[in-house]
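# Chain and residue survey
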Amino acid sequence: MASTDTSLVHRQRTKYQRSRAVKSRVRSGCVTCKCASAGYECDGYCYNTLARRSQSNPVLPTGSNVKNLRVPIPRVKSLPSTELVVQPSVGPRFESEIEHRCFLTFQESAASQLSGYYPSLVWERVVLQACHEAPWARNLVVAIGALHRHQTQKPLPAQEAGQVDGERERKSHYLFALQQYGTALGQLRHISAQEPDSEARLRYALISALLTTCFETYIGNREGAITQAKAGIDLLLKWTKEKEPTADSMVDDWTRVRRAAARSVYLDEDLLGAFHRLDYQLVLCKGLGPDRHRPDSFPSASHPFTSVNEACSFWDLVVRRILHFHSVQSVSEQHNPKGYEDENASTIGTKGKVYPKHMLVEQHNFKMAAEQFFRYFDPIFKSSRRKPGTNEYLLANLVMIRALSCRAAVSRGPSESEMYSDAFLRDYMLIIDLAQELIEDANKPLRKAVFNFDVTLGVSLFTVAHVCRDPKVRRSAIELLNRFPRREAWFDTLVAAKIATYIVTKEEKNMVHGFIPDKARLRLLRHETGPQKQWATIFCSKLVWKDGAVGREAIPPETIIL
């Protein structure tokens, strides 16, 4: 930001407008991308022109004092006249050709995959814009691009004499990524110690948290990725509380975030949407922390949803409520119900069994919310079937998969029997069909994606694989997990496939005429993986009869080689 007198601003703006009149229209964009509210036009980030240069002619520094020429444009309306928005430079400055190549890899391959099925420009526009102004952002993007090249480039046989073989080239990408990442972290520490708190700094802090989470996920550092993600989410929630200290307690966290961000020119919907989805993954992995706002009740709808995104937001609130109640601690524990220890308030359930009263009420409320969701999502879902291959079609598939798998898992309630899963066979079959459409969509680059920030598909297939007892359906789920290889830190589908295979093999040894009786069914409690995911220890329980009573009992854990 800078300050200047009125006449200088007028001359600069006039010069800029004249240059725009004689030159062809180029997508460049500003730092905030809220140009309409600032009083001037902006097309966003130039995906095809600014950064996509010939690899033989990248924007490299020609001297020690290279000027980054930009056009300052004054803000208008309600903002102080001394504040300026600065047009991005013609292109990010690279120190070498390898930086430029890795940047292009991120821009042309990784960015479109990271957004997944959700319509978002955070990776293709917001992050790339930050690279114009912040060296740390450029270095982080280059580091992720190098990792993407490392993971997507297949090992090649030795090439002609004098050339580096394929495996050494892959390793060089990995080492270069670590070097760039270390440089970026040093730059971030230096900036955080000098810059004052502001909304502009908050924007950059969120972008840095998103990029560092992405990098740690790429290299398989689960705890590091979760730490970085939590830091960004906590920072955004803290800022929201400062802006709305007396917010309505009935409103969920992300509604308050969007209300506060609506008054800021620095926090756009794409950036907030990325953190909303990231928070959902964090809640799945770690549960709602003690400092997070607990949903007071399940959401309620009175009319059909107007879009897939609205339906997705509704179900997100349902899942957050049920995750809070069940105290889910890990994705690997797949909605294993806990938190029913309050025996003071109890009631009689089915077959004379005594259960806590609040648990039965919660189960009833979840059922009502789920019925509302499916009733009002059905028109949108059926409408999307007429647009196969579109983002709306694919996202509708993903939302339906998420809802069906959660409903089946949570509906077990307090039962110690696993026979409940047989009632959801049609749901499991629909999940397989919808997931197959997503994975086999050859027209989408996501088919070959290294990873994105949505574990829903992998987790749902894993649920079907180890909960469904139909041999054909569960094996289809395992096959899709193997065809959908995601080895990132959040959820490893290949590990999940091997764990599900272990459970299938164990159960089907005791099949009776093609049917698995209740006493042969296993309930997965959790699994623990060893260093470098070389092995996994699996913890299960099964139904036992002792002294005329039926109950579940943990069986000795077993370790399998991955």
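You'll find the structure just up there.
The structure reproduced in this document is the subject of the present report. It should be emphasised that the depicted structure is a prediction, and the values quoted were computed from it without experimental measurement.

Reading the values: the criteria
- Position numbers for residues count from 1 along each chain, tracking the sequence in the order it is written.
- For a predicted model such as this one, the threshold for reporting local features is a pLDDT of at least 70, and the threshold for listing and counting side-chain atom pairs is 80 or more; totals across whole chains, interfaces and linings nevertheless cover every residue.
- To obtain the side-chain values, all non-hydrogen atoms of the structure were used and water was disregarded.
- Under the scheme used here, helices are H or I runs from DSSP no shorter than 4 residues and strands are E runs no shorter than 2 residues, and both carry numbers assigned from the N terminus.
- Throughout, exposure labels follow a simple rule: accessible area from a 1.4 Å probe, protein chains only, divided by the maximum for the residue type, with under 20% read as buried, over 50% as exposed, and the rest as partly exposed.
- Should any heavy atoms of two residues lie within 4.5 Å, those residues are counted as being in contact.
- Where accessible areas are quoted, they stem from the Shrake-Rupley method and a 1.4 Å probe; at the residue level, only the protein chains shown are allowed to cover.
- Put simply, two rings from Phe, Tyr or Trp (the six-membered ring, in Trp's case) pair if the centres are within 6.5 Å, and we call them stacked under 30 degrees between planes, edge-to-face over 60, tilted for the rest.
- Working rule: Lys NZ or Arg CZ, within 6 Å of ring centre, within 35 degrees of ring normal, means a charge sits over the ring.
- Throughout this description, the term nonpolar core refers to a set of buried Ala, Val, Leu, Ile, Met, Phe, Trp, Tyr and Cys residues connected via side-chain atoms within 4.5 Å.
- Each domain's extent is set by a domain assignment, obtained either automatically or from a database.
- The span you would expect from a helix comes to 1.5 Å times its residue count less one.
- It is the directions from the helix axis to the C-beta atoms that the arc portrays.
- In protein, a polar contact means a hydrogen-donor-capable atom and an acceptor-capable atom, both N or O and within 3.5 Å, with residues adjacent in sequence counting only if both atoms are side-chain atoms; elsewhere, any N or O pair within 3.5 Å suffices.
- Nonpolar side chains (Val, Leu, Ile, Met, Phe, Trp, Tyr) are joined into patches within 5 Å and like charges within 9 Å, using only residues with over 30% relative accessible area and no salt bridge.
- Here, a salt bridge means any Lys or Arg side-chain nitrogen found within 4 Å of an Asp or Glu carboxyl oxygen.
- Axis angles are defined between N-to-C directions and span 0 to 180 degrees, where every axis is a line fitted to C-alpha atoms and, for a helix, only to the segment in contact.
- An angle counts as roughly parallel when it lies under 35 degrees, as roughly antiparallel when it exceeds 145, as roughly perpendicular when it falls between 65 and 115, and as oblique in every other case.
- By the definition used in this description, the sense in which the near helix is turned from the far one sets the handedness, with an anticlockwise turn below a right angle giving left-handed and a clockwise turn giving right-handed.
- The residue classification treats Ala, Val, Leu, Ile, Met, Phe, Trp, Tyr, Cys and Pro as nonpolar and Asp, Glu, Lys and Arg as charged. All others, Gly included, are polar.
- Pairs of strands are assigned from DSSP output, requiring at least two bridges between the strands.

## Digging into the overall build of the protein chain
Looking only at helices and strands, one finds 17 helices and eight strands in the protein chain. For the protein chain, buried positions account for 51% of its 562 residues. In the protein chain, once contacts between residues fewer than 6 apart in sequence are set aside, the share between residues at least 24 apart is 68%. Of the roughly 26700 Å² of accessible surface on the protein chain, 53% is carried by carbon and sulfur atoms.

## Points about the packing of aromatic side chains
Tallied over the full model, the rule gives 16 aromatic pairs. On the basis of an interplanar angle of 80 degrees and a centroid distance of 5.3 Å, the ring pair of Phe-373 and Phe-374 is categorised as edge-to-face. Judged by its relative accessible area of 15%, Phe-374 is buried. It is Arg-407 that lies over the ring of Phe-374; its NZ or CZ is 4.2 Å from the centre. One Lys or Arg, Arg-526, reaches over the ring of Phe-539 and ends 3.8 Å from the middle of that ring.

## Description of the nonpolar core
Within the largest apolar cluster, 138 residues are counted, with the highest numbers of intra-cluster contacts made by Phe-106, Trp-123, Phe-275, Phe-373 and Phe-377. It is helix H13 (residues 391–410) that contributes the most residues to this core, 13 residues altogether. When residues of this core are sorted by domain, at least three fall in each of domain 1 (97–153 + 167–286) and domain 2 (308–334 + 356–516). The residues touching Phe-106, leaving out its near neighbours within four places in the chain, are Ala-111, Leu-114, Trp-123, Val-127, Leu-128, Val-141, Ile-144 and Gly-145.

## Some thoughts on helix H16 (residues 471–483)
The terminal C-alpha atoms of H16, which comprises 13 residues, lie 18 Å apart, in line with the 18 Å expected from a rise of 1.5 Å per residue. Where H16 is concerned, the buried positions are Val-473, Arg-474, Ala-477, Ile-478, Leu-480 and Leu-481. With its buried residues spanning 160 degrees around the axis, H16 presents them on a single face. In this structure, the buried residues of H16 make contact with helix H14 (425–439), helix H15 (456–467) and helix H17 (493–508). If you check the start of H16, you find a side-chain oxygen 3.1 Å away from the backbone N of Lys-472, and it comes from Asp-470.

## What about a nonpolar patch on the surface?
There is a patch of nonpolar side chains on the surface, built from Leu-175, Leu-178 and Ile-219 and spanning about 250 Å² of accessible area. Overall, Leu-175 belongs to the exposed group, its relative accessible area being 57%.

## Re the pattern of salt bridges
This structure, assessed with the given rule, holds 24 salt bridges. With a closest N to O distance of 2.8 Å, Glu-508 and Arg-475 form a salt bridge. Of this pair, Glu-508 sits in helix H17 while Arg-475 is found in helix H16, placing the two residues 33 residues apart along the sequence. Among the residues examined, Glu-508 registers a relative accessible area of 19% and is labelled buried.

## Quick notes on the side chain of Ser-460
The topology assignment puts Ser-460 in helix H15. Those residues within four positions of Ser-460 in sequence are excluded, and the remaining contacts are Ile-401, Arg-402 and Ser-405.

## Brief notes about the environment of Glu-479
Turning to its location among the elements, Glu-479 is positioned in helix H16. Exposure remark for Glu-479: the relative accessible area of 44% places this residue in the partly exposed category. Taking the C-alpha atoms as reference, Glu-479 lies 10.0 Å from Thr-501; in sequence the two are 22 residues apart.

## What to know about the packing of helix H8 (residues 222–243) against helix H9 (residues 253–261)
With their axes 9 Å apart at the nearest point, H8 and H9 run at an angle of 65 degrees to one another. Compared by their axis directions, H8 and H9 come out roughly perpendicular. By crossing handedness, the relation of H8 to H9 is classed as left-handed. Between H8 and H9, the residues in contact are Leu-236, Leu-237, Trp-239, Thr-240 and Lys-243 and Asp-253, Trp-254, Arg-256, Val-257, Ala-260 and Ala-261, respectively. Class assignment of the residues belonging to the contact of H8 with H9 gives a composition of seven nonpolar, one polar and three charged.

## What about the environment of Ile-431?
Assignment of secondary structure puts Ile-431 in helix H14. What makes Ile-431 buried here is its relative accessible area of 1%. Sequence separation between Ile-431 and Met-400 is 31 residues; the distance between their C-alpha atoms is 7.9 Å. Ignoring any residue separated from it by four or fewer positions in sequence, one finds Ile-431 in contact with Ile-401, Leu-404, Ser-405 and Val-464.

## Some remarks on the pairing of strand S5 (residues 522–529)
In the sheet, S5 pairs with strand S6 (residues 535–546) via seven bridges, with the strands oriented antiparallel. Pairing of Glu-528 across the sheet is with Thr-537, part of S6. In this antiparallel pair of consecutive strands, S5 and S6, the connection spans five residues, and Gln-532 shows a positive phi of 55 degrees.

Everything listed here is a matter of coordinates, which is why it stays silent on function.
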